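# Structural characterization, general
Here's the letter readout for the chains.
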Amino acid sequence: MTISRRTLLQGTAAATAIGSFHIGRANAQTPEFTYKYANNLPVAHPMNIRANEAVEKIKDETKGRVLIQIFPNNQLGSDTDMLSQVRSGGVEFFTLSPLILSTLVPNASVSGIGFAFPNYDAVWKAMDGELGAYVRGQIAKSNLVVMDKIWDNGFRQMTSSRGPINTPDDLKGFKIRVPVSPLWTSMFTAFQASPASINFAEVYTALQTKVVDGQENPLAIISTAKLFEVQKYLSATNHMWDGFWFLANRRAWERLPEDLRTIVAKNIDAAALLERADVAKLNAGLKDELVSKGMTYNDTKAEPFRDALRKAGFYAEWKKKYGDEAWAILEKAVGGSLS
Ligand code: X2X
């Protein structure tokens, strides 16, 4: 990976984890388990806010035996770095998009197929149901443990410094940052865009220096990571839904006695449900706020984009990659044929 000045600066700030103030308490007993939870999102994002509350509850309910320190905002490195760390045990917990996780667990990205989910109801029914269970089964074959409830990232929207995206034609030759994941690259290649794989840690700088002209993310991220400062156009494409699996290093997880594991999992899953509600509420209200910050907003129709993907053979290609079983579970979850 390329280490930019921004990442380095974030790295030196790593000593201040969100939860670290617990440590200084004079009467606190020394925790038996001090675990790190690393992630890529700003502290203001609901994921960090709800995780911080969960960490408090876990500390209380375990009577101080389990202390989880949160390292937000790529303080411990990019997603690629943090994925290595959670695999090796360098960090004990990490949240990651299913699509990026597919660099380790190939079929984990099946929930991110373009224009698959019509709405949040379908998402949660699928991810708390058969599709989520299928993916968790795939993840369980790695050295990672995954919590039951996936956290929300949201439906993704496109932004640009060049001009609005109204139709798939506007994507032709468009230099767009995508997260590091074969599915993302494939989707934007199918649109004949020019996708560049860049970790989220580098996105603000890549947009600011015009290494790329655009990116795509849910409104909650465009807002909390202040991407509106370096992007002018906001196009509501809802081109895919994305979430965050809450992952644990297997050895670290198994070191926790059963009763502590139950307390940790219960509180993390409960926080996920609260975070889902927060993000849905945020995303619903953020359009006006982003426009007031200077962004130019446009709606789009999904059908021409979906057609472009179909014509490029995108769905057929991924059906073959995932295999019939995974594809059938996906189609059942979204209530219809995708190819
Ligand atoms: O990298 C991104 O764009 C982000 C923050 O949405 C993910 O973690 C997938």
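We now turn to the structure provided with this report. (Residues numbered from 1 in each chain as written. Predicted model: local features only at pLDDT ≥ 70, side-chain atom pairs only at ≥ 80, totals over all residues. Heavy atoms only, no water.)

Next up on the list: the overall build of the protein chain. When helices and strands are counted, the protein chain shows 14 helices and 12 strands. In terms of overall size, the protein chain behaves like a compact globule, its C-alpha atoms giving a radius of gyration of 20 Å where 339 residues would be expected to give roughly 20 Å. Expressed along its principal axes, the backbone C-alpha trace of the protein chain runs to roughly 60 × 45 × 35 Å. Counting only residues that meet the buried cut, the protein chain has 56% of its 339 residues in that class. Of the contacts formed within the protein chain by residues at least 6 apart in sequence, a portion of 76% connects residues at least 24 apart. When the accessible surface of the protein chain is totalled, it reaches about 13800 Å², and 53% of it is carbon and sulfur. Computed over 39 positive and 35 negative side-chain charges, the separation of the two mean positions in the protein chain equals 2 Å. (Helix = DSSP H or I, 4+ residues; strand = E, 2+ residues; numbered from the N terminus. Rg over C-alpha atoms; globule rule 2.2 N^0.38 Å. Buried < 20%, exposed > 50% of the residue type's maximum accessible area, 1.4 Å probe, protein only. Contact = heavy atoms within 4.5 Å. Areas by Shrake-Rupley, 256 points an atom, 1.4 Å probe, with all protein chains shown as cover. Lys, Arg positive; Asp, Glu negative; His and termini not counted. Charge placed at Lys NZ, Arg CZ, Asp CG, Glu CD.)

Below, the discussion takes up the environment of Ile176. Secondary-structure assignment places Ile176 in strand E7 (residues 175-178). By relative accessible area, which is 0% here, Ile176 ends up buried. Sequence-distant contacts of Ile176, that is, excluding residues within four places in its chain, are made with Phe188, Ala193, Ser194, Pro195, Ala196, Val212, Gly214, Gln215 and Glu216.

The next subject is the pairing of E7. Relative to strand E8 (residues 194-197), E7 runs parallel, the two sharing 4 bridges. The residue bridging Arg177 from the neighbouring strand is Ala196, located in E8. For the crossover that starts at E7, traverses helix H7 (residues 182-190) and ends in the parallel E8, the hand is right-handed. (Pairing = 2+ DSSP bridges. Right-handed = clockwise from strand over helix to strand, strands pointing away.)

Where helix H13 (residues 314-322) contacts helix H14 (residues 324-334), the two axes come as close as 6 Å, and the packing angle between them is 120°. Judged by the inter-axis angle, H13 sits oblique to H14. Of H14, the residues touching H13 (which contributes Tyr315, Trp318, Lys319 and Tyr322) are Asp324, Ala326 and Trp327. Grouping the amino acids of the contact of H13 with H14 by side-chain chemistry returns 5 nonpolar, no polar and 2 charged. (Axes fitted to C-alpha atoms, helices over the stretch in contact; angles between N-to-C directions. Parallel < 35°, antiparallel > 145°, perpendicular 65-115°, else oblique. Nonpolar A, V, L, I, M, F, W, Y, C, P; charged D, E, K, R; others polar.)

This next bit is on unusual backbone geometry. The backbone of Asn74 shows a phi angle near 60°, a positive value even though the residue is not glycine. Within the secondary structure, Asn74 sits in the loop between strand E2 (66-71) and helix H3 (79-88). A positive phi is found at Lys226, a non-glycine position, where the angle reads about 55°. Mapped onto the secondary structure, Lys226 falls in the loop between helix H9 (219-224) and strand E10 (233-236). According to the relative accessible area criterion, Lys226 is partly exposed, its value standing at 41%.

Let's shift gears to the site of the ligand. Within the structure, the ligand sits among 13 residues, and Asn40, Asn153, Arg156, Arg177 and Asn217 are positioned closest to it. In the environment of the ligand, an oxygen atom lies 2.8 Å from a nitrogen or oxygen atom belonging to the side chain of Asn40. Between an oxygen atom of the ligand and a side-chain N or O atom of Asn217, the distance comes to 2.6 Å. About the coverage of the ligand: the protein hides 99% of its 270 Å² of free accessible area. (Near = heavy atom within 4 Å. Polar contact = N/O pair within 3.5 Å; in protein donor to acceptor, adjacent residues only side chain to side chain.)

Turning our eyes to something else, we now look at the pattern of salt bridges. Tallied over the full model, the rule gives 18 salt bridges. Glu130 is the salt-bridge partner of Lys332, the closest N and O atoms lying 2.9 Å from each other. On the criterion of sequence distance, the pair formed by Lys332 in helix H14 and Glu130 in helix H6 (residues 130-140) is long-range, its members being 202 residues apart. Judged by its relative accessible area of 42%, Glu130 is partly exposed. Residues Lys172 and Asp169 are paired through a salt bridge, measuring 3.0 Å at the closest nitrogen-oxygen approach. A residue is classified by how much of its surface remains accessible, and Lys172, at 43% relative accessible area, is partly exposed. (Salt bridge = Lys/Arg side-chain N within 4 Å of Asp/Glu carboxyl O.)

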